[in-house]
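# Structure at a glance
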Amino acid sequence: MSNPNFTTPPPIGKFLLLSYPAPRVVLATMNRPSSLNCMNTSAHWEMDAFWKWLDQEPSLSVAVITGAGTKAFSAGADLKEWDNSMSADADPKDRLGNAPAFKPLSRRLGKKPVVAAVNGLAMGRGRSLLDLVVAAETAYFALPEVKRGVSPIGGALPRIIRTLGLQRASEFALTGRNVTAQEAHQWGLVNKVVPQDKVVEEAVKYASMIAENSPDAIICTRAGLREGWESASVERAVEITLEREFAELQRGENILEGLKAFTEKRAPVWKASRL
């Protein structure tokens, strides 16, 4: 277990349990197992604070997120809270379907990569398209919103189109059916399928492989991937990353250290990212 020295203390809350399983890696465990780790409004605010802290904390390069227990990664939005917000005597401004002041996990942009350790069911916003996904053999994925009279409007729809293509995205979103971890792997939604008792361990391995690299290069490379995924023009995505993140990378110490370490045939000693 790693013991990082933080520039600022991590946010304190009840929904996320934080630990540090490897250097420059934080493990966030969603902790509402009795409610299948679903996310109510307070949980969303807590996660919003955590992602902002992660991006600003120089001692960390990557996060792993998982769910407490063995049944669920996350069931997504808290539908009981949503139902209460739709009652006749509730203030319409407080309805969960309104655009929130925070960005939910499913719409997170951020700077640093996140690896999902999907230990059980992953539904709705709990099935967010993160940078890498390791899934337990018993895990399954779904966008069940259409079965509940709502729509997966929290960010999933345009993202699964880009990852899965129109036909598979349509099957996923319009039927609301469960997709097994094995099928999700075949679709390209999951990087690796492992036994349930190995899912966090394997996700931490991926995170550690990332965290060994230059903090500047991690942020720049992820930005280039995300820009290419979201932009209409491939070439414009390259230009944006060159003008923005890569320009900053070239002004930093880590590019000099990486090239010098290669020449001297030694392991690099990275500094905190300037990006």
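The following refers to the structure shown. (Residues numbered from 1 in each chain as written. Predicted model: local features only at pLDDT ≥ 70, side-chain atom pairs only at ≥ 80, totals over all residues. Heavy atoms only, no water.)

This part is about the overall build of the chain. Summing up its helical and strand segments, the chain has 9 helices and 10 strands in all. Taking all contacts inside the chain whose residues are at least 6 apart in sequence as the whole, residues at least 24 apart take part in 65%. Summed over all atoms, the accessible surface of the chain reaches about 14,100 Å², with 56% contributed by carbon and sulfur. (Helix = DSSP H or I, 4+ residues; strand = E, 2+ residues; numbered from the N terminus. Contact = heavy atoms within 4.5 Å. Areas by Shrake-Rupley, 256 points an atom, 1.4 Å probe, with all protein chains shown as cover.)

Let us now look at unusual backbone geometry. In this structure, Arg24 is a non-glycine residue whose phi angle is positive, near 70°. Within the secondary structure, Arg24 sits in the loop between β1 (16-22) and β2 (25-30). Even without being a glycine, Lys265 presents a positive backbone phi close to 55°. According to the relative accessible area criterion, Lys265 is exposed, its value standing at 79%. (Buried < 20%, exposed > 50% of the residue type's maximum accessible area, 1.4 Å probe, protein only.)

What follows is about the packing of aromatic side chains. This structure, assessed with the given rule, holds 5 aromatic pairs. With a centroid separation of 5.2 Å and 55° between ring planes, the pair formed by Phe6 and Tyr20 is classed as tilted. Linking Phe6 in the segment before β1 with Tyr20 in strand β1, this pair joins segments that are 14 residues apart in sequence. On the basis of relative accessibility, which here comes to 27%, the residue Phe6 falls in the partly exposed class. One aromatic cluster is present, built from ring pairs that chain together Phe6, Tyr20, Phe50, Trp51 and Trp53. (Phe/Tyr/Trp six-rings, centres within 6.5 Å; stacked < 30°, edge-to-face > 60°.)

For the rest of this paragraph, the subject is the environment of Pro113. Tracing the backbone shows Pro113 in the loop between α2 (79-85) and β5 (114-118). When the C-alpha atoms of Pro113 and Ile219 are compared, they prove to be 7.8 Å apart, with 106 residues separating the residues in sequence. Residues within four places of Pro113 in sequence aside, it is in contact with Ser61, Val62, Ala63, Asp131, Ile210, Ile218 and Arg222.

Attention now moves to the side chain of Glu257. With respect to the helices and strands, the residue Glu257 is situated in helix α9 (residues 253-264). Residue Glu257 is classed as buried on the basis of its relative accessible area, which comes to 15%. Within the structure, the side chain of Glu257 is placed 2.8 Å from the backbone nitrogen of Val269, a separation counted as a polar contact. Those residues within four positions of Glu257 in sequence are excluded, and the remaining contacts are Arg266, Ala267, Pro268, Val269 and Trp270. (Polar contact = N/O pair within 3.5 Å; in protein donor to acceptor, adjacent residues only side chain to side chain.)

Our focus in this paragraph is the packing of helix α7 (residues 215-230) against helix α8 (residues 234-250). In contact at an axis separation of 9 Å, α7 and α8 are set at 165° when each is read in the N-to-C sense. On the basis of the axis angle, α7 is roughly antiparallel to α8. Helix-helix and strand crossings are classified by hand; for α7 and α8 the assignment is right-handed. On α8, the residues that touch Asp216, Ala217, Cys220, Ala223, Gly224, Glu227 and Gly228 of α7 are Ala237, Ile240, Thr241, Arg244, Glu245, Phe246 and Leu249. Of the residues contributing to the contact of α7 with α8, the split by class is 7 nonpolar, 3 polar and 4 charged. (Axes fitted to C-alpha atoms, helices over the stretch in contact; angles between N-to-C directions. Parallel < 35°, antiparallel > 145°, perpendicular 65-115°, else oblique. Left-handed = near helix turned anticlockwise from the far one by under 90°. Nonpolar A, V, L, I, M, F, W, Y, C, P; charged D, E, K, R; others polar.)

Right, let's talk about the pairing of strand β3 (residues 62-67) for a bit. Of all the 6 residues making up β3, 6 are buried; the element is thus mostly covered by neighbouring parts of the structure. In the sheet, β2 pairs with β3 via 6 bridges, with the strands oriented parallel. Within β3, the position partnered with Thr29 by the bridge is Thr66. As for the winding sense of the linkage, the β-α-β connection from β2 through helix α1 (residues 41-56) to β3 is right-handed. (Pairing = 2+ DSSP bridges. Right-handed = clockwise from strand over helix to strand, strands pointing away.)

Our next topic: α8. In an α-helix there are 3.6 residues to a turn, and that puts residues three or four apart on one side. At Leu242, α8 shows its largest kink, close to 40°. Buried residues in α8 make contact with α7 and α9. Capping of α8 at its N-terminal end is provided by Ser233; its side-chain oxygen lies 3.5 Å from the backbone amide nitrogen of Glu235. (Bend = angle between axes of the 7 residues up to and from the residue.)

Here we come to the sheet that holds strand β4 (residues 72-74). Strand order in this open sheet of 4 strands is β4-β6-β8-β9, and the pairing throughout is mixed. Two strands in the sheet have a free side with no partner beyond their single neighbour: β4 and β9 (179-180).

Attention now goes to the sheet that holds β2. Pairing is mixed across the open sheet formed by 6 strands, whose spatial order is β1-β2-β3-β5-β7-β10. The two strands at the open ends of the sheet, each matched to only one other strand, are β1 and β10 (192-194). Between one strand and the next, the sheet's axes are offset by a mean angle of 20°, whatever the strand orientation. Where α1 meets the sheet, its contacts fall on β1, β2, β3 and β5, and the angle it forms with β1 comes to roughly 30°. Here helix α6 (residues 199-211) sits on the sheet and contacts β1, β2, β3, β5, β7 (132-136) and β10; the angle it forms with β5, its principal contact strand, is near 170°.

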